[in-house]
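Spelled out from the first residue to the last, the chains are:
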Amino acid sequence: MQQTDYIIELAGHKKEDLSVCLGCRICASVCTVNDLEINANPQELLMNLFLGLNVDKDDPLVRFCTNCYRCTSACPWQIRIPDIVRGLRENLSTGSVFEHAIIESINIWGRMYEPYVFLRASLFVLKDGWARHMFRMMEYVINIVRSIHVPHKVKRI
Ligand code: SF4
Ligand code: SF4
């Protein structure tokens, strides 16, 4: 089965669902990853899949999509792009830096602890040579640190 067909099926879409995309790029304008100035464009990803072009592990959305669904909320057709990204990751046997960070956070804290996730993801981003995006990412970290609270263990009764 072609990569496109496999992913669309896995995401619960039909290929025709992608044909309704207007190419308006509202999804790109609200995308969290695009906001970090990383060259991520959900509309381009959909178009490539619709045209049957293969998307590889280095695509910025495959690597960094946070599954925030901001693109879906803003899309006039509510196209579930994160579902498609998850299908791609499954197809390519890979995960995002945020998923790795979230899993680590759950292993340590027993839940997703946002400051840890962002700091850990920052290290992945640095290691992967995305240092030029760090200043933008730090704005997110500072906003999170401002609302920081210390996690505590819940007493078992
Ligand atoms: S779910 Fe992924 S593609 Fe959509 S806005 Fe969030 S980071 Fe961007
Ligand atoms: S917002 Fe929706 S319709 Fe517009 S380009 Fe993105 S996926 Fe296509």
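Rules of the game
- Residues numbered from 1 in each chain as written.
- Chains lettered and ligands numbered in written order.
- Predicted model: local features only at pLDDT ≥ 70, side-chain atom pairs only at ≥ 80, totals over all residues.
- Helix = DSSP H or I, 4+ residues; strand = E, 2+ residues; numbered from the N terminus.
- Buried ≥ 20, exposed ≤ 12 C-beta atoms within 10 Å, placed from the backbone.
- Contact = placed C-beta atoms within 7 Å.
- Near = placed C-beta within 6 Å.
- Nonpolar A, V, L, I, M, F, W, Y, C, P; charged D, E, K, R; others polar.
- Arc of directions from axis to C-beta.
- Core = buried A, V, L, I, M, F, W, Y, C linked by C-beta atoms within 7 Å.

A.B. asks: Residue-level account of the overall build of the protein, with values.
C.D. replies: If you tally the helices and strands in the protein, you get 11 helices and 0 strands. Going residue by residue from the N terminus, the α and β elements of the protein occur as α-α-α-α-α-α-α-α-α-α-α. The proportion of buried residues among the 157 residues of the protein is 31%. A fraction of 59% describes how many contacts in the protein between residues 6 or more apart in sequence connect residues 24 or more apart.

A.B. asks: Please provide a residue-by-residue account of the site of ligand 1, values included.
C.D. replies: Taken together, 15 residues form the shell around ligand 1, and within it Cys31, Cys65, Cys68, Arg70 and Cys71 come nearest. Only α4 (32–35), α7 (70–74) and α8 (81–92) provide two or more residues apiece to the shell around ligand 1. Grouping the constituent residues of the shell around ligand 1 by class yields 11 nonpolar, 3 polar and 1 charged.

A.B. asks: Give me the lowdown on the site of ligand 2, citing residues and values where you can.
C.D. replies: Close contacts around ligand 2 come from 14 residues, with Cys21, Cys24, Cys27, Gln43 and Cys75 the closest. At the level of secondary structure, the elements contributing two or more residues to the shell around ligand 2 comprise α3 (26–30) and α5 (42–50). At 3 residues, the largest contribution of residues to the shell around ligand 2 is made by α5. Along the lines of polarity and charge, the residues of the shell around ligand 2 split into 11 nonpolar, 2 polar and 1 charged.

A.B. asks: I'd love a proper account of α5, names of residues and values included.
C.D. replies: For α5, the full list of buried residues reads Pro42, Gln43, Leu45, Leu46 and Leu49. Here the buried residues of α5 occupy an arc of 160 degrees about the axis, which is enough to place them on one side. Those residues of α5 hidden inside the fold are in contact with α1 (3–10), α2 (15–19), α3, α6 (60–64), α7 and α8. Once α5 finishes, glycine 52 follows within two positions and takes phi at roughly 80 degrees, a positive value.

A.B. asks: Lay out unusual backbone geometry in plain terms, naming residues and giving numbers.
C.D. replies: Despite not being glycine, tyrosine 69 shows a phi value in the positive range, around 65 degrees. Note that tyrosine 69 resides in the loop between α6 and α7. Judged by C-beta crowding, with 15 C-beta atoms within 10 Å, tyrosine 69 ranks as partly exposed. The phi torsion at serine 93 lies on the positive side, around 50 degrees, for a residue other than glycine. Here serine 93 is to be found in the loop between α8 and α9 (97–109).

A.B. asks: Let's hear about the nonpolar core: which residues, and what values?
C.D. replies: In this structure, Val33, Leu49, Leu61, Ile81, Ile84, Val85 and Val117 are the most contacted members of the largest nonpolar core, which totals 32 residues. Breaking this core down by element, the ones donating at least two residues are α1, α5, α6, α8, α9 and α10 (114–127). Those residues in contact with leucine 61 that sit more than four places away from it in its chain are Val33, Ala40, Pro42, Leu45 and Val85.

A.B. asks: Quick one: what's the story with the environment of isoleucine 106, residue by residue and with numbers?
C.D. replies: Of note, isoleucine 106 is situated in helix α9. On the neighbour-count criterion, isoleucine 106 (13 C-beta atoms within 10 Å) is partly exposed. C-alpha separation for the pair isoleucine 106 and valine 117, spaced 11 residues apart in sequence, amounts to 9.7 Å. Those residues in contact with isoleucine 106 that lie beyond four places of it in its chain are Arg111 and Met112.

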